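Residue strings, one per chain:
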Amino acid sequence: MTQRLRPRRCSGLRPPRRPCLQRQVPGISQRTLTLTLRQLQEDGLITRTAYAEVPPRDEYALTPLGRGRHEIVASLIGWATGNHDEIRAHRARAAAPAARS
């Protein structure tokens, strides 16, 4: 009996791998993901650990600097989510006079 290989699920228990990251960002190309991960690594926001295995495997983790930025971005997302309806209402009112012109 042969054993089927199943894709690993993304879990918060392990550092994410590239395929997991790609599934979490719908529509991102492999090239864009690679360039973004490389830039984040150069900026000191993430670390990459490469394993000499077949197939090759790499894992990514936030650095302390990256964790600090994550907290700021998560706070901003929370604010935007909480104020989304009000912002859309302001945009609709601002666009209304332009539509009448």
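What you see as residue numbers is a count from 1 along each chain, following the sequence as written. Per-residue local features of the predicted model are confined to residues with pLDDT of at least 70, and side-chain atom pairs are confined, for both listing and counting, to 80 or more; whole-chain, interface and lining totals are unaffected and use all residues. Heavy atoms from the whole structure form the basis of all side-chain values; hydrogens and water molecules are not counted.

(A) Summary view of the layout of surface pockets. Residues are called lining when one of their atoms sits within 4 Å of a cavity or pocket point, these points coming from a 1 Å grid over the protein atoms alone, where a cavity is a set in which a 1.4 Å probe fits but cannot get out and a pocket is an open set with protein on both sides within 12 Å along at least five of seven lines. Grid points are joined across faces, edges and corners, and a volume is the space filled by probe spheres set on the points. Of the voids in this model, the largest pocket is the one considered here, and its volume is about 290 Å³. Forming the walls of the largest pocket are 13 residues, and the residues nearest its centre are Leu 21, Leu 33, Leu 37, Leu 40 and Ile 46. Each helix is a run of DSSP H or I of at least 4 residues and each strand a run of E of at least 2, with the numbering of both proceeding from the N terminus. The set of elements that each furnish at least two residues to the lining of the largest pocket consists of helix 1 (18–24), helix 2 (30–42) and strand 2 (57–62). In terms of residue count, the dominant contributor to the lining of the largest pocket is helix 2 (4 residues). By volume, the second largest pocket amounts to about 250 Å³. Together, Leu 40, Leu 45, Ile 46, Leu 62, Gly 66, Arg 69, His 70, Val 73 and Ala 74 line the second largest pocket. Broken down by element, the residue count for the lining of the second largest pocket peaks at 5 residues, all from helix 3 (residues 64–100). Residue composition of the lining of the second largest pocket, by class: 6 nonpolar, 2 polar and 1 charged. Residue classes follow a fixed rule: Ala, Val, Leu, Ile, Met, Phe, Trp, Tyr, Cys and Pro count as nonpolar, while Asp, Glu, Lys and Arg count as charged, and any other residue, Gly among them, counts as polar.

(B) Representation of the environment of Arg 38. Mapped onto the elements of the fold, Arg 38 is located in helix 2. Residue class for Arg 38 comes out partly exposed when judged on its relative accessible area of 45%. The sequence separation of Arg 38 and Arg 48 amounts to 10 residues, and the corresponding C-alpha distance is 9.0 Å. For each residue, the accessible area found with a 1.4 Å probe, counting protein chains only, is set against the maximum for its type, and the residue is called buried under 20%, exposed over 50%, and partly exposed in between.

(C) Quick look at helix 2. With 13 residues, helix 2 extends 18 Å between its outermost C-alpha atoms, agreeing within 8% with the 18 Å of an ideal straight helix rising 1.5 Å per residue. Looking one or two residues past helix 2, Gly 44 carries a phi angle of roughly 80°, positive in sign. For a helix, the expected span equals 1.5 Å multiplied by the number of residues minus one.

In short, shape yes, function no, at least from these values alone.
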